[in-house]
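# Per-entry structural report
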Amino acid sequence: MKNNLQLSLKILAIVFWSYTPIFILSVLPLLGVSVPNFFFTEFRGENYAWDFELMFSVIFLVWGFYLWKISENPLENLTFIDFTIWASVFHILAMLTIGFIRASDLSHMLKDAVALGVPLLFLVYNRFKIQ
């Protein structure tokens with residue numbers, strides 16, 4: 001059980017870290033650097049706000065570091081795990097709300113919600129399995 005919780009924390013950390021290279025690849029066209037069409041800002045939404053995504057990328061980079069660190073001894077860090085679960089649930093709800101209000105961003109928000117939601121479900125399952 002503890003091993004599954006450790007694994008789910010590390011997977012979520014990697015998901016959080018993945019926002020940084022995606023952000024960098026999304027911003028490069030704004031700087032005149034050529035990247036595959038997949039990363040053009042049009043893919044990220046009609047009103048791409050790079051500064052807003054920079055904030056999330058930095059937060060997720062640090063958050064992922066701590067998730068990885070606590071995965072070594074998750075049973076002593078249940079409060080941080082619970083915070084991660086609840087913060088991620090409300091982050092997903094906020095993304096979906098934005099996507100439905102601003103239809104041009106719905107596709108982007110749905111993809112991000114699924115990318116975060118799947119490993120989150122794995123973490124939730126393993127977190128509450130130990131109680």
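Going by the structure above, here's the rest.
What comes next concerns the included structure. (Residues numbered from 1 in each chain as written. Predicted model: local features only at pLDDT ≥ 70, side-chain atom pairs only at ≥ 80, totals over all residues. Heavy atoms only, no water.)

## Section: the packing of helix α4 (residues 78–101) against helix α5 (residues 106–129)
Between two packed helices, the angle of one axis relative to the other and the distance separating the axes together describe the packing. α5 packs onto α4 with a crossing angle of 155 degrees between their chain directions and a minimal axis gap of 9 Å. Considering their axes alone, α4 and α5 lie roughly antiparallel with respect to each other. α5 is crossed by α4, and the crossing has left-handed handedness. Of the residues assigned to the contact of α4 with α5, the class counts are 18 nonpolar, five polar and three charged. (Axes fitted to C-alpha atoms, helices over the stretch in contact; angles between N-to-C directions. Helix = DSSP H or I, 4+ residues; strand = E, 2+ residues; numbered from the N terminus. Parallel < 35°, antiparallel > 145°, perpendicular 65-115°, else oblique. Left-handed = near helix turned anticlockwise from the far one by under 90°. Nonpolar A, V, L, I, M, F, W, Y, C, P; charged D, E, K, R; others polar.)

## Focus: a nonpolar patch on the surface
Nonpolar side chains collect at one region of the surface, where Leu30, Leu31, Val33, Trp50, Leu54, Val58, Leu61, Val62, Phe65 and Tyr66 lie side by side and expose about 940 Å² of accessible area between them. One can find Val33 in the loop between α1 (2–27) and α2 (41–44). (Patch = residues over 30% accessible without salt bridge, like charges linked within 9 Å, V, L, I, M, F, W, Y side chains within 5 Å. Areas by Shrake-Rupley, 256 points an atom, 1.4 Å probe, with all protein chains shown as cover. Salt bridge = Lys/Arg side-chain N within 4 Å of Asp/Glu carboxyl O.)

## Thoughts on the environment of Thr20
Within the secondary structure, Thr20 is located in helix α1. Using a relative accessible area of 19% as the deciding quantity, one classes Thr20 as buried. Spatially, the C-alpha atom of Thr20 lies 5.2 Å from that of Ser57, the residues being 37 residues apart in sequence. The contacts of Thr20, once residues within four sequence positions are left out, are Ser57 and Leu61. (Buried < 20%, exposed > 50% of the residue type's maximum accessible area, 1.4 Å probe, protein only. Contact = heavy atoms within 4.5 Å.)

## So, the side chain of Ser8
Looking at the element boundaries, Ser8 is found in helix α1. Of the residues examined, Ser8 reaches a relative accessible area of 0% and is grouped as buried. Leaving out residues up to four positions away in the same chain, Ser8 has contacts with Phe122, Leu123 and Asn126.

## Details of the pattern of salt bridges
Following the criterion strictly, the structure yields three salt bridges and no others. Between Glu72 and Lys10 there is a salt bridge whose closest N-O contact spans 3.5 Å. Placement of Glu72 in the loop between α3 (50–70) and α4 and of Lys10 in helix α1 is noted, with a sequence separation of 62 residues between them. Put simply, Arg127 and Asp82 hold a salt bridge, and the shortest N to O gap is 2.7 Å. One end of the pair, Arg127, is in helix α5; the other, Asp82, is in helix α4, with 45 residues separating them in the sequence. Residue Arg127 is classed as buried on the basis of its relative accessible area of 4%.

That's the geometry; what it means functionally is another story.
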